[in-house]
Amino acid sequence: MKRTSFLYLVLFILFSCNGNEAKSAAETENAGHATQENTKLADDTAIGRNTTEFVLGNEEVIYSFETKKGKKMVVVKNKNNAYIQYRFGSKGKIEMEFPAEKTKESWKQFKYNSYWRGGGKENAGMEIDNLQFTNKGYTYLIYRTYFAESEENSAGIIITDSNKKETRINGVPKTINGCICNLEDTGLIEKTDIGLSF
């Protein structure tokens, strides 16, 4: 009788321990899934915040357009002129931002040039604006043009590598917003003789 009671006691203890271990394992696994899900949500939120907003609430557009391949180019500045930044990418993702740091020093990393001739068609009026910067060995030149004789606008980006090879990204004229020429109003960027390209 004593042996039977002892056996029941041992079996009770074993089952109790295994049950608690299984419960503990299940709780740990669920906690792990919850942590992973929370991390994923945090990552998704960060991605959405950092890569889809071409213009933030404290910024305004200097110049922007969409490309013929469905990309978007935006040059923005802080409303208080604290920084200037170039952004390029697709609808759901910013693929390039320059410069990376949003500081007053960012203004010094851009060069600007423009040419304007009034008089309309009779005087072959025109306007050419260029904004240039260099990043990782490549020179990026953003342009905007208007020719009175044809009444046509054009926009685009010319990327030149260290071997002087050019890649052109053409903009869609009807998507042009703003003007590179508005940079002069900031007083933070001076015209530089970088030539005029388009």
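Provided above is the structure to which this section pertains.
Anyway, here's the lowdown on the structure attached to this text. Because the structure is a prediction, the values reported are computed rather than measured.

Pairing is antiparallel in the open sheet, where five strands are placed in the order β4-β3-β2-β1-β10. The open sheet has two edge strands, β4 (93-98) and β10 (177-178), and neither has a second partner. Direction of pairing for strand β1 (residues 59-66) relative to β10: antiparallel, over a ladder of two bridges. Paired with Y63 across the strands is G178, a residue of β10.

All right, on to the pairing of strand β8 (residues 152-160) then. Looking at chain direction, strand β7 (residues 138-147) and β8 are connected through nine bridges and run antiparallel. By the bridge assignment for β8, Y143 is matched with G156. As consecutive antiparallel partners, β7 and β8 are separated by four residues, and within that stretch E151 has a phi angle of approximately 55 degrees, a positive value. Sheet topology note: the β8/strand β9 (residues 166-170) ladder contains five bridges and is antiparallel. By the bridge assignment, I157 is partnered in β9 with I169. Joining the antiparallel neighbours β8 and β9 is a turn of five residues, in which K164 adopts a positive phi near 70 degrees.

Residue placement: T145 occurs in strand β7. Using a relative accessible area of 1% as the deciding quantity, one classes T145 as buried. Of the polar contacts made by the side chain of T145, one reaches the side chain of S154; its length is 2.3 Å. Setting aside residues no more than four positions away along its own chain, T145 makes contact with E127, I128, E152, N153, S154 and F198.

Reading the values: rules and limits
- Residues numbered from 1 in each chain as written.
- Predicted model: local features only at pLDDT ≥ 70, side-chain atom pairs only at ≥ 80, totals over all residues.
- Heavy atoms only, no water.
- Pairing = 2+ DSSP bridges.
- Helix = DSSP H or I, 4+ residues; strand = E, 2+ residues; numbered from the N terminus.
- Buried < 20%, exposed > 50% of the residue type's maximum accessible area, 1.4 Å probe, protein only.
- Polar contact = N/O pair within 3.5 Å; in protein donor to acceptor, adjacent residues only side chain to side chain.
- Contact = heavy atoms within 4.5 Å.

That is the geometry; function is a separate question.
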